[in-house]
Amino acid sequence: MRRLAASGAAGAAGAAAAPAADSTDCAQGRSPRPRRLIDLCALWDTGVSSPAAGWKRASGIARRRLNEAETLSSVQEAQLERLEAARPGRLGSGERGPVLRMARQPPPPSVHAAILLCLLSLSGAIEIPMDPSIQNELSQPPTITKQSVKDHIVDPRDNILIECEAKGNPAPSFHWTRNSRFFNIAKDPRVSMRRKSGTLVIDFRSGGRPEEYEGEYQCFARNKFGTALSNRIRLQVSKSPLWPKENLDPVVVQEGAPLTLQCNPPPGLPSPVIFWMSSSMEPITQDKRVSQGHNGDLYFSNVMLQDMQTDYSCNARFHFTHTIQQKNAFTLKVLTNNPYNDSSLRNHPDMYSARGVAERTPSFMYPQGTASSQMVLRGMDLLLECIASGVPTPDIAWYKKGGDLPSDKAKFENFNKALRITNVSEEDSGEYFCLASNKMGSIRHTISVRVKAAPYWLDEPKNLILAPGEDGRLVCRANGNPKPTVQWMVNGEPLQSAPPNPNREVAGDTIIFRDTQISSRAVYQCNTSNEHGYLLANAFVSVLDVPPRMLSPRNQLIRVILYNRTRLDCPFFGSPIPTLRWFKNGQGSNLDGGNYHVYENGSLEIKMIRKEDQGIYTCVATNILGKAENQVRLEVKDPTRIYRMPEDQVAKRGTTVQLECRVKHDPSLKLTVSWLKDDEPLYIGNRMKKEDDSLTIFGVAERDQGSYTCVASTELDQDLAKAYLTVLGRPDRPRDLELTDLAERSVRLTWIPGDDNNSPITDYVVQFEEDQFQPGVWHDHSKFPGSVNSAILQLSPYVNYQFRVIAINEVGSSHPSLPSERYRTSGAPPESNPADVKGEGTRKNNMEITWTPMNATSAFGPNLRYIVKWRRRETRETWNNATVWGSRYVVGQTPVYVPYEIRVQAENDFGKGPEPDTVIGYSGEDLPSAPRRFRVRQPNLETINLEWDHPEHPNGILIGYTLKYVAFNGTKLGKQIVENFSPNQTKFTMQRADPVSRYRFTLSARTQVGSGEAVTEESPAPPNEAYTNNQADIATQGWFIGLMCAIALLVLILLIVCFIKRSRGGKYPVREKKDVPLGPEDPKEEDGSFDYSDEDNKPLQGSQTSLDGTIKQQESDDSLVDYGEGGEGQFNEDGSFIGQYTVKKDKEETEGNESSEATSPVNAIYSLA
C-alpha cells in the first residue's frame, strides 16, 4: 500500500511556479530573474561588484558555455573594450533602457571572458504574443515560412512547382532571380505565380521542354520594412536514360572460383534503385555466398554448379518515372570436376569437399587491397562494405580501432558484409577494419574514415523586436569542417554596399544595434558556407511603440486547494516593456515579498495558500505610453484525500478480490473516482465491478496481476493510492539456451529458468524440431524435474536438432523458450522398421501394402526408403520386392482373397535396417456366392423357421447376411421387410402377422465389397389356398360377373313375388321340394303346405362381415354359414362368398317360429320350385 504525491491544480493558474530567486541561484548556474535580465552569475562569482552595482534593466537571457569564449575573434575583444568604456545606458546586445554605472575595480584576468560571455548571451528581443489581434495590428517585416528544398528534382511529365511562402504586415510582394539574374515572369506565358504567394508554377500543357528551365532560383519577399530571401533552389529535371544495348557472351568460370557480374546502370537523376532478377522476373536468391554490393554489382564468393540453373539480369528502377529497365541477362557456364548436381549436398556440412572443390583462404573482392579511405559528411549515413571470396564462404566481422562500434547507431547489412552508421558525427571518424575468415585462414582490410561537415548552426539568428531607444544584437554562429565563412546581408544586399547606419556595428558573426529607432527596421541575412554546402537565415529587426494591454480574459475566477502553492497569471504586452504590480482587495500596498513573489512575466506566486488568502487580486501594467489593469478572484477549497487505501493482495486464479478506496473531499467540488492498472486507464469489463468506494474483480486471471491505482480527483486536485495484486500464474519462459558437451548421440542442454510467478516450477519439458521431415513441428523429447536447469539429451543419428524448453508449475505451462542453435548428428543405418504394416485389397484383383512412415528420429540417414517384399502364403514362391519412397505399394493381378506374406524393411544411404517381421495380408475381396441349403419350414400357422448354410465361396470375410421378405396373397403384395444378421447366424424365426398370406424370402451374404448372389424361397401354402386362388381367378372374369348379376336380378324378382304372396296369405306346397320329409311332430305341415304366420312377417335380417373376414350372425340363428359344407364361410379377396350353398336341415318345431327361412332368398327359391 503506497500513497503517491498529490498534485494540486490551480485552475487557470497552472502548475506551481519556480522558486523565488535567492543566493543559491548563482551557485546552481541560474539567473535570479528568468526573463530580460542580464546574467550576473559569472560576474558575481568572480567578486567584480556587488549586486547593487550590477545592471538593473538588462533584457533577454540565452546562456553560453564558457569554453566557447575561447573562440572569440580579436574584433569581438576590441568591441568588448569599447562596450566597457561606453556610457551606462548603452551596453549593446540585450540591454535596454537606462542602467547604473558599475563601480570600477581592477578586474581579475577572467573578467573579460566572463563579461563577454554575458554580453554574447543577451538577446534584446520583445516577444510578440500569438494573439491574432495583436499580430494583425503590429507592423512586421517579411518572414519566409515555406520554400522548396535546395536540390529540387522534378518529374518531366508534370508541371514544375517551386514553392515560396512568406508572411509580414503589410503582406509582402514577391519576385525571383534565375541564375543570379532577375527572372521576368510576365514575359514567359508558361510561368505564373500563385495569388498571395510567391510560388512559381511552370505549365507545359501547351508545349515546352522542362529541361529549358533548369537552373538556380531564389525568391525575394518584400514589404516596406525589408526584404527576406529564400535559399538558392537548384532546379533539375529527373532523367531515366535507356540502357545501352549489348550482347553478352556466356561467362565461363571454374566451380569454386569468385565471380563479379557488373551492372553499370545508366546515370539517372536521382540515382536508380538496383536489383537483380532472372530474365523470367524471378528474384535472385542472395545469401552470404551470393549478394549484391552497394555499387549494384552481383558478387559470388565462390561459384557452384547450381548457379547455372538461372540467368542473371540487372534491373534499374527510376523513382520519378516509376519505370524499370532491364539489362541483357548474363548466362553462366560452370566448369566442374563433378557434373552430377546432387541437391542433397547443398546442406552437407562439407559440401565443397563432396563436390571436389579445392578450399581457399579468403581474399577481398571489394574493396581491393588491404587499406582504403572514405569521407562522409556529418549527419549523413556512413556505409562501409567488405565482400570477400574464398572456399568455404568467409564470414565477415567488423571492428573499430581503439574503441567499440557505436551500438546505438551501427547496424549490419547484406549478411554482415556492410556496416551502416547512421547520423555520423565527428566522434565516428577513425579506422575501421573488416575481418574475413574461414577455416583456411583470415585477412583484414582497414578503412580510414574522415568526417567532414557542411555548415551547421551553433546560434541561428532570431528575429529582434525592440522598443525605441533600446539596444540589441544579432548573432550568427555556425560550425563545419572546414570552418565556414560568414557573410551578412541586409534586405538581400551585401552589408558592405548597404547605406551606412550609425546605430549598427558589425563584429564578425555579430551585429550590434544601439539606440534603435523606427528607421532601423530591416531584414538581415546571414550566409555561412564552406566547400560542402551553405546555410542562409533571415532575421528581421523591428522597432515597436505600443502602450500596455492585458492579454488574459477579465475578472477570472481561480479556485485553488488549501496549503498548495499557486500562481496567478497576468499576461500583458507593451513596448517598452511595462512594469507590473499586484494589489489585493483594493489595498494600496504592492504584493511582493513574504508569502508572495512576482515574476517578470507578470505572474504572482503565492507560496502556501491559506484561508485568508481568498479575495480579489488586481494587476496593473505601466509604461511611458499608459497603463492597463485586470482582476482575478481567488477561492480556497479543501483538499481531496483518500483515508482508506487499497492494500496489496495475493490471489489465486478464479478467486474474487476487492480493493477499497474511500475518499474525503470538498463538498462544493464534484468528485470522480477512477482506477488505473499499471499506470494505464483500467477497462472495467464484465468481470469487474466499480463502486464509489471499492473495485471488485471476479474470477481473477493472470492478466489481472499488476498495480492498481485509485485516483480520486476533482477539477482542482487529486489524490492517489496504489496497491499491488499478485496472481499465482504460469511461469515465464526459460531463456538463454546453450548446447555443450557435443557428442555423436548426446548433447547437454542448459537454460536459465524464467520467473515462476509466485508458483514453484515443478517440471521442464524439452522439445525438439528438425528441418527435414517436419520442419516447424515441435515434438516432446524428455521431461525433467523443476529443480534442474541442465540435462543430457540422447539423440538419434542424422537429425538436425533444434531445442526449446517449457516450464510447468501448478498453474500451467509457460510459453516455449526461444529455440537453441541447431546441432546435426552423424548418420547410421536404421535400427528399426516401419510399424503398422498391413496388406488389404482395394479391388478384387489387387493388394495394397501400407505402413506408418518412420519419423526424423528413426530415419538415421538421408534418402530414407522402404524395401517391400511379398509372396503367397504357404507356397514356395520366391519373394517379390520393390523399393518405395512413400508409405504404400499396390500389388496387382492377384487372385481373389488369398493370403500373402509381407515384409517391409527400412533403408537409407548408410545401409539397411534389421530383418523385418512377416505380416499376413490378403488380396482384394469379391462378392460372395449364394448361401447354401436355404430352408423354409412352417411348424404352425403363427411361426415360420428359416435355416441356411454358409456360402461355398465367401470370396472374402463375411460381414453378415441380408434377408428380404414380403407377404403376398394372390396378386396382392405386402410391404417388403429387410433383416441383417451377423456372419455367424444361420437361423431365423419369424412370427406371422397374417395367417392367410404366404411369404417370399430372399437371402444373400455380404462382404466388404457388397452383397453377393441371392437365393429365394417361399413359405408353404396353407389349406384350401389352391381352391381359393382358383375362385379368385374365376371371380375376376367378365362372364362370371355377368352371370352373378343375372342371378341377383332373378333373386330380387323372386323376393318381390314372395312378399306379394305373403301379404295375401295362403299355403304353398313345398314338401315335395324338400330333401327330407317332414316329421310327424310338425303340426303345421300336416296338409302338405307351408303356412306363414304373422310372426314371420319381419324385416330381413342381414349378416355383417367382421374385421377378420368371418360372417357373424345377427339376431337370427340362421345364416349362410349354415348352408356350407365347412364349419365357417370363406370369402375371396374381393369379399365374395366362396362357400358351398346347401339346404339347411329342418329345424325342430320348437325353433320354427324363430327361424327366418321364409325370408331367406334360398328358401324362397325352393318354395317357388
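This structure is a prediction, so every number in the text was calculated from the model and none was measured.

### Describing the overall build of the protein
In terms of regular secondary structure, the protein is built from ten helices and 84 strands. Residues counted as buried form 43% of the 1169 residues belonging to the protein. Summarising the internal contacts of the protein: among those between residues at least 6 apart in sequence, 66% fall at separations of at least 24. Surface summary for the protein: the accessible area is close to 61,900 Å², and the carbon and sulfur share equals 50%.

### A few points about the sheet that holds strand E8 (residues 191–193)
In spatial order, the strands read E4-E9-E8; together these three strands make up an open sheet with antiparallel pairing. On the outer flanks of this sheet lie strand E4 (160–162) and E8, each paired with one strand and no other. For this sheet the average axis-to-axis angle between neighbouring strands, irrespective of direction, equals 20 degrees. Note: E4 against strand E9 (residues 200–202), three bridges, orientation antiparallel.

### Here's the deal with the nonpolar core
Trp176, Trp582 and Tyr617 are the most contacted members of the largest nonpolar core, which totals 55 residues. In terms of residue count, strand E47 (residues 626–637) provides more of this core than any other element does, four residues in total. The next biggest cluster of nonpolar side chains, apart from the first, holds 21 residues, and it includes Val251, Leu261, Trp276 and Val290.

### Some words on unusual backbone geometry
Pro270 follows Leu269 through a cis peptide bond whose omega is -10 degrees. By the element assignment, Pro270 lies in the loop between strand E14 (259–261) and strand E15 (273–277). Note the cis peptide between Tyr366 and Pro367, where omega equals -10 degrees. Along the chain, Pro367 turns up in the loop between strand E21 (360–366) and strand E22 (371–377). The residue Asp679 is not glycine, and still its phi comes out positive at about 65 degrees.

### Overview of the state of the cysteines
Here is the idea: a disulfide is a covalent bond, and it sits between the sulfur atoms of two cysteines. What the rule picks out here adds up to six disulfides. Paired by a disulfide, Cys386 and Cys434 hold their sulfur atoms 1.9 Å apart. Judged by the sign of its S-S torsion, about -70 degrees, the bond between Cys386 and Cys434 is left-handed. Pair noted here: Cys386 is in the loop between strand E23 (382–385) and strand E24 (387–391) and Cys434 is in strand E28 (residues 430–438), with a separation of 48 residues, a long-range link. There is no split in this pair, since Cys386 and Cys434 are both buried. One disulfide bridge connects Cys661 with Cys710, the sulfur atoms lying 1.8 Å from each other. What sets the handedness of the Cys661 and Cys710 disulfide is the S-S torsion sign, and at about -75 degrees it is left-handed.

### A few points about the environment of Arg873
Structurally, Arg873 can be placed in the loop between strand E67 (865–872) and strand E68 (880–884). As for Arg873 and Val898, which are separated by 25 residues in sequence, their C-alpha atoms are 8.1 Å apart. Excluding anything up to four places from it in sequence, Arg873 contacts Pro899, Tyr900, Glu901, Ile920 and Tyr922.

### Here's the deal with the packing of aromatic side chains
On inspection of all chains with the given rule, the structure shows 19 aromatic pairs. Taking 5.3 Å as the distance between ring centres and 5 degrees as the angle between the ring planes, the aromatic pair formed by Tyr801 and Phe803 counts as stacked. Residue Phe803 is classed as buried on the basis of its relative accessible area of 0%. Centroid distance Phe934 to Trp948: 6.5 Å. Interplanar angle 70 degrees. Geometry classified as edge-to-face. Within this pair, whereas Phe934 is found in strand E73 (residues 932–940), its partner Trp948 is found in strand E74 (residues 943–949), the two being separated by 14 residues in sequence. With a relative accessible area of 1%, Trp948 lands in the buried category. Here the aromatic residues Phe934, Trp948, Tyr961, Phe981 and Phe988 are joined through ring pairs into a cluster of three or more. Note that Arg232 overlies the ring of Tyr534, its terminal NZ or CZ placed 3.9 Å from the centroid. Sitting over the ring of Tyr798, Arg824 keeps its end group 5.1 Å from the ring centre.

Rules used in this analysis
- Residues numbered from 1 in each chain as written.
- Predicted model: local features only at pLDDT ≥ 70, side-chain atom pairs only at ≥ 80, totals over all residues.
- Heavy atoms only, no water.
- Helix = DSSP H or I, 4+ residues; strand = E, 2+ residues; numbered from the N terminus.
- Buried < 20%, exposed > 50% of the residue type's maximum accessible area, 1.4 Å probe, protein only.
- Contact = heavy atoms within 4.5 Å.
- Areas by Shrake-Rupley, 256 points an atom, 1.4 Å probe, with all protein chains shown as cover.
- Pairing = 2+ DSSP bridges.
- Axes fitted to C-alpha atoms, helices over the stretch in contact; angles between N-to-C directions.
- Core = buried A, V, L, I, M, F, W, Y, C linked by side-chain atoms within 4.5 Å.
- Disulfide = S-S within 2.5 Å.
- Phe/Tyr/Trp six-rings, centres within 6.5 Å; stacked < 30°, edge-to-face > 60°.
- Lys NZ or Arg CZ within 6 Å of the ring centre and 35° of its normal.

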